[in-house]
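# Reading the structure
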Amino acid sequence: MIPVLNITDLHKSFGELEVLKGIDLAMHKGDVVSLIGSSGSGKTTLLRCVNLLEEFGRGRIEIAGEPIGYREEGGRRRRLPERQIARQRAMTGMAFQQFNLFPHLSAVKNVMLGLTKTKKLPAEEARAIAESWLDRVGMLARKDHFPGQLSGGQQQRVAIARAIAMAPQLMLFDEVTSALDPELVSEVLAVVRDLGRDGMTMLLVTHEMRFARDVSSRVVFMHQGRIHEEGPPEQIFGAPGTERLKAFLSNSQS
Amino acid sequence: MNFEFFLADLWAARANLLAGLWQTVLISAGSVALGTLLGLLVGLGLSYGRLPLRIALRIYTDFLRGTPVFVLILACYYIFSAAGLDLDAFQAGCLALTLFCSSHVGEILRGALNAIPAGQTEAAKSIGLTFGQTFTSVLLPQALRQMLPTWVNTATEIVKASTLLSVIGVVEFLLAVQQVISRTYLSLEFYLFAGLVYFVLNFAIEQAGRAVERRIAIPR
Ligand SMILES: Nc1ncnc2c1ncn2[C@@H]1O[C@H](COP(=O)(O)OP(=O)(O)O)[C@@H](O)[C@H]1O
Ligand SMILES: [Mg+2]
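Our subject in this report is the structure included herewith. (Residues numbered from 1 in each chain as written. Chains lettered and ligands numbered in written order. Predicted model: local features only at pLDDT ≥ 70, side-chain atom pairs only at ≥ 80, totals over all residues. Heavy atoms only, no water.)

## Focus on the nonpolar core
Within soluble globular proteins, side chains that are nonpolar generally end up buried alongside one another. The condition is simple: Here the nonpolar core consists of buried residues drawn from Ala, Val, Leu, Ile, Met, Phe, Trp, Tyr and Cys, with membership extended through side-chain atoms lying within 4.5 Å. Here's how the labels work: a residue is buried when its accessible area is under 20% of the maximum for its type, exposed when over 50%, partly exposed in between, all with a 1.4 Å probe on protein chains only. Put simply, DSSP H or I for four residues or longer makes a helix, DSSP E for two residues or longer makes a strand, and each gets a number counted from the N terminus. The contact criterion used throughout is that any non-hydrogen atoms of two residues lie within 4.5 Å.
Ranked by internal contacts, the top residues of the largest apolar core, which has 111 residues, are F173(A) and L203(A). Of the residues forming this core, the biggest block, 12 residues, is contributed by helix α5 (residues 89-114) of chain B. Apart from the residues lying within four places of it in its own chain, the contact partners of F173(A) are L47(A), A95(A), I160(A), V192(A), L195(A), M202(A), L203(A), L204(A) and V205(A). By size, the runner-up hydrophobic cluster in this structure holds 16 residues, among which are F6(B), L186(B), V197(B) and Y198(B).

Written out as structure tokens, the structure reads:
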């Protein structure tokens, strides 16, 4: 079976600073992979490369067998044209730490935008899809509210609906609860857990270790731009194999 | 007390004064409209252009904003005719105000776009929007709302600056008033009257701006 996501030997530098130093990662349909690791280890950068928000210097990322971002042309590597990139970005959905809802659009219009612009769906159809996803994340009653009228947790749920309404092959979550007040965390995690149960393929960065243990089929521990250790959650959390992971886990328990 | 004389003279001069007022409205509205269109292009270039274009536009805006409007008007009037381009006073004056307006609008748009968090563009990209779609659906609607108050202010500045066209002989409202004064010698009364008319004009513009602002405000 073709993997939904296949990353081989991914390298990424910001100027002199090499942030990803050769990442290999494959995910199959329905996999839920949690990325853990200390701040600065490259987790966000990895997600942003997969969503083509960053250019990358070396390596290859395939979504459902299609290499994204670049094409080989007579041995030379070329960035794809804007239109192709835009289409490939829509194959993955991203939920951001800061939600990034469009403040001038109501909740339902936020979700509809990609459907009408990228997928060129008629407004009626887009609205129906948007409303059903808002319903799924428990936000249908507030579909006409603007982001400024919603709590952080509500905004994040709308943002997740906006991404997932595009029917991406893979959902990326970048610390979607770390900007939230503690009492709002669980409503967002419940939505994410629900999507996982429904078979959505998800790659998520999280600091919520208990949650990672709960929802993941696999956990990947990153350290200084490399995958330091990976395995099923029972193994990663129950029997960590390396000193670094042990140290990281004992630090994040507090 | 000259008030009755004033009213009588005002009534007698009404046709000339209205013609002058019409010129003022025409000059201001035309310059603001053209200057805004041009300014939006300038702002786009300042925000997204390649480096040489950005440098050229930076010089353009800084130069125009740093020069007194009066000097711009004189420059347009004399330089273009010296260069063999036949602009009459009205055209030269409108050109100067249009350029002045465009430099301000360009800078306002650049600032407004710059103030939008990068996350907005990234969220738009991540749902597959192209740059053009991101600009028209996400960035511009936010930037225009942010620009509106400053833009209205620029419009009122243009109305005030349009009085300077009197110096190169365009019979806009101020010069029309001065012509009445030279016949009637009621300078205090007519200058006060002119001040009142400009105030009402700009007050109306500001109120209209506020009304639009309320209409398009984002609920929060
Ligand atoms: N746009 C950027 N320019 C320069 N350095 C960056 C940029 N984005 C991230 N970095 C650096 O890359 C490293 C990895 O960052 P990040 O992927 O955000 O880590 P994580 O999400 O694991 O905390 C950090 O050292 C960070 O400072
Ligand atoms: Mg991060």
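## A short note on the interface of chain A and chain B
Stated precisely, the cut-off is as follows: Defined in terms of a 1.4 Å probe, buried area is the accessible area two parts forfeit on being brought together, summed over both. Counted as salt bridges are all cases of a side-chain nitrogen of Lys or Arg within 4 Å of a carboxyl oxygen of Asp or Glu. A 3.5 Å cut-off defines polar contacts: any pair of N or O atoms within that distance qualifies, except that in protein one atom must be a possible hydrogen donor and the other a possible acceptor, and neighbouring residues in sequence count only when both atoms are side-chain atoms.
Facing 26 residues of chain A, the contacting portion of chain B comprises 21 residues. Buried surface at the junction of chain A and chain B, summed over both partners, amounts to about 2,100 Å²; 61% is from carbon and sulfur atoms. Inspection of the chain A/chain B interface yields 1 salt bridge. Between R48(A) and E122(B) there is a salt bridge whose closest N-O contact spans 2.9 Å. Across the contact surface, chain A and chain B share 8 residue pairs in polar contact (both at pLDDT 80 or more).

## Side note on the packing of aromatic side chains
Keep this limit in mind: Any two rings among Phe, Tyr and Trp, with Trp reduced to its six-membered ring, count as a pair given centres within 6.5 Å; such a pair is stacked if its planes are under 30 degrees apart, edge-to-face if over 60, and tilted if neither. Definition used: whenever NZ (Lys) or CZ (Arg) falls within 6 Å of the ring centre and also within 35 degrees of the ring normal, the charge is taken to sit over that ring.
For the coordinates displayed, the defined rule picks out 12 aromatic pairs over all chains. Aromatic side chains F131(B) and F135(B) sit 6.5 Å apart centroid to centroid with 25° between the ring planes, which places their arrangement in the stacked category. Here F131(B) and its partner F135(B) are both found in helix α7 (residues 131-161), 4 residues apart, which amounts to about one turn of the helix. Members of the aromatic cluster, connected to one another through ring pairs, are F3(B), F6(B), F173(B), F190(B), F193(B) and Y198(B). Over the ring of F102(A) we find R162(A), and its NZ or CZ is 4.5 Å from the ring centre. For R14(B), the ring lying beneath its charged end belongs to W11(B), and the centroid distance is 4.0 Å.

## Some words on the site of ligand 1
All names here are of chain A. Put simply, the test is: When at least one non-hydrogen atom of a residue lies within 4 Å of a molecule or strand, that residue is treated as near it. Every accessible area reported is derived by Shrake-Rupley at a probe size of 1.4 Å, with residue values counting cover from the shown protein chains alone.
Around ligand 1, the neighbouring residues are F14, L17, V19, S38, S39, G40, S41, G42, K43, T44 and T45. In the model, an oxygen atom of ligand 1 is placed 2.8 Å from a nitrogen or oxygen of the K43 side chain. Protein chains bury 59% of the 570 Å² of accessible surface belonging to ligand 1 in isolation. At the level of elements, β2 (17-27) and α1 (43-50) are the ones that each hand at least two residues to the shell around ligand 1.

## Notes on the side chain of S137(B)
Locating S137(B) in the fold gives a position in helix α7. In contact with S137(B), other than residues within four places in its own chain, are H104(A), L113(A) and K117(A).

## A closer look at the sheet that holds strand β9 (residues 170-174) of chain A
Residues and elements named next belong to chain A. Heads up, the condition is: By the convention used here, strands pair only if DSSP detects at least 2 bridges between them. Axis angles are defined between N-to-C directions and span 0 to 180 degrees, where every axis is a line fitted to C-alpha atoms and, for a helix, only to the segment in contact.
One open sheet holds the 6 strands; their spatial order is β8-β9-β10-β3-β11-β12, and the pairing between them is mixed. Sheet topology places β8 (92-95) and β12 (226-231) at the edges, where each strand pairs with a single neighbour. This sheet shows a mean twist of 20° between the axes of neighbouring strands, independent of strand direction. α1 rests against β3 (32-36), β8, β9, β10 (202-205) and β11 (218-223) of the sheet, and its axis sits at about 150° to β9.

## Regarding the packing of helix α3 (residues 107-117) of chain A against helix α4 (residues 123-136) of chain A
Residue and element names in this part refer to chain A. Our working definition: Any angle that is under 35 degrees is reported as roughly parallel, and any over 145 degrees as roughly antiparallel; angles of 65 to 115 degrees are reported as roughly perpendicular and all others as oblique. Throughout, a crossing is termed right-handed when the near helix is turned clockwise from the far one, and left-handed when it is turned anticlockwise from it by less than a right angle. Residue classes follow a fixed rule: Ala, Val, Leu, Ile, Met, Phe, Trp, Tyr, Cys and Pro count as nonpolar, while Asp, Glu, Lys and Arg count as charged, and any other residue, Gly among them, counts as polar.
Packing of α3 against α4 leaves a shortest axis separation of 8 Å and a crossing angle of 125°. On the basis of the axis angle, α3 is oblique to α4. The element α3 and its partner α4 pack so that their crossing is right-handed. Contacts between α3 and α4 involve A107, V108, K109, V111, M112, L115 and T116 from the first element and A123, A126, R127, I129, A130, E131 and L134 from the second. Split by residue class, the contact of α3 with α4 holds 10 nonpolar, 1 polar and 3 charged.

## Concerning helix α4 (residues 69-82) of chain B
Residue and element names in this part refer to chain B. Short version of the rule: Helix span, expected: 1.5 Å multiplied by one less than the number of residues in the helix.
Compared with the 20 Å implied by 1.5 Å per residue over 14 residues, the 20 Å span of α4 between its first and last C-alpha is a close match. Among all positions of α4, only V69, L72, I73 and C76 are buried. Those residues of α4 that are buried are in contact with α3 (51-66), α5 and α7. Just beyond α4, the residue with positive phi is G84, at close to 90°.

## Remarks on the state of the cysteines
Residues and elements named next belong to chain B. Keep this limit in mind: Throughout, disulfides are identified as pairs of cysteine sulfur atoms within 2.5 Å of each other.
The full count for this structure, using the stated rule, is 0 disulfides over all chains. C94 forms no disulfide, and the closest cysteine sulfur to it belongs to C76, at a distance of 10 Å. Counting only cysteine sulfurs, C94 is the nearest neighbor of C101, a cysteine outside any disulfide, at a range of 12 Å. For C101, a relative accessible area of 1% puts it in the buried group.

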